[in-house]
Amino acid sequence: MKALLRVVLIIVGLVILMFSVLGVFWPWDKLVSLGKEYFDLSAPTALTSPITVYLFRAMCVTYAWAGFLFLLCASNPVKYLALIRSLALA
């Protein structure tokens, strides 16, 4: 079970880290066009507002940190079980 938990933590950590880093560095206009295309976001003033950009980038940095912590927990899942549970809830 320890090996399976390690594999799951590595996969989850890499996926979260990859998407959050892309969210931080991807150009904002392309993110807005993807949001309009796939999620039908149609509030043009809210999507171009600086506070929206700031909140989205801050959220991506927070999730990048969570992905890094998942990868850190994969080194010894038994030792970091309390951290894994709190990260999973977050």
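Structure's up top.
Model, not experiment: these values are computed from the prediction.

Reading guide: rules and limits
Residues numbered from 1 in each chain as written. Predicted model: local features only at pLDDT ≥ 70, side-chain atom pairs only at ≥ 80, totals over all residues. Heavy atoms only, no water. Core = buried A, V, L, I, M, F, W, Y, C linked by side-chain atoms within 4.5 Å. Buried < 20%, exposed > 50% of the residue type's maximum accessible area, 1.4 Å probe, protein only. Helix = DSSP H or I, 4+ residues; strand = E, 2+ residues; numbered from the N terminus. Contact = heavy atoms within 4.5 Å. 1 Å grid on protein atoms, 1.4 Å probe; cavity = no way out; pocket = protein on both sides within 12 Å on 5 of 7 lines; lining within 4 Å. Points joined across faces, edges and corners; volume = space filled by probe spheres on them. Nonpolar A, V, L, I, M, F, W, Y, C, P; charged D, E, K, R; others polar. Expected span 1.5 Å × (residues − 1). Arc of directions from axis to C-beta.

This brings us to the nonpolar core. Leu 9, Ala 66, Leu 69, Phe 70, Cys 73, Ala 74, Ile 84 and Leu 87 form the largest nonpolar core, which has eight residues in total. Breaking this core down by element, the ones donating at least two residues are α4 (50–73) and α5 (81–89). Leave out the neighbours within four places in its chain, and Ile 84 touches Leu 9, Cys 73 and Pro 77.

Let's shift gears to the layout of surface pockets. Estimated volume of the largest pocket: approximately 190 Å³. As for the largest pocket, its lining consists of Trp 28, Leu 31, Val 32, Leu 34, Gly 35, Tyr 38, Phe 39, Leu 41, Leu 47 and Phe 56. Broken down by element, the lining of the largest pocket gets its largest block of residues, seven residues, from helix α2 (residues 28–39). Residue classes in the lining of the largest pocket are distributed as nine nonpolar, one polar and no charged. Approximately 160 Å³ is the volume attributed to the second largest pocket. Residue lining of the second largest pocket: Phe 19, Leu 22, Gly 23, Trp 26, Leu 31, Leu 34 and Phe 56, and that is the complete set. When residues of the lining of the second largest pocket are traced back to their parent elements, those giving at least two are α1 (2–25) and α2. Here the element with the most residues in the lining of the second largest pocket is α1; it accounts for three residues. Broken down by class, the residue content of the lining of the second largest pocket amounts to six nonpolar, one polar and no charged.

So, on to α2. In this model, α2 (12 residues) spans 16 Å end to end at C-alpha, consistent with the 16 Å of a helix rising 1.5 Å per residue. Listed as buried for α2 are Trp 28, Val 32 and Gly 35. Down the axis of α2, the buried set is contained in an arc of 60 degrees. They therefore lie on one face. The exposed residues of α2 that point more than 90 degrees off its buried face are Asp 29, Glu 37 and Tyr 38. One or two residues past the end of α2 sits Asp 40, with phi positive at roughly 55 degrees.

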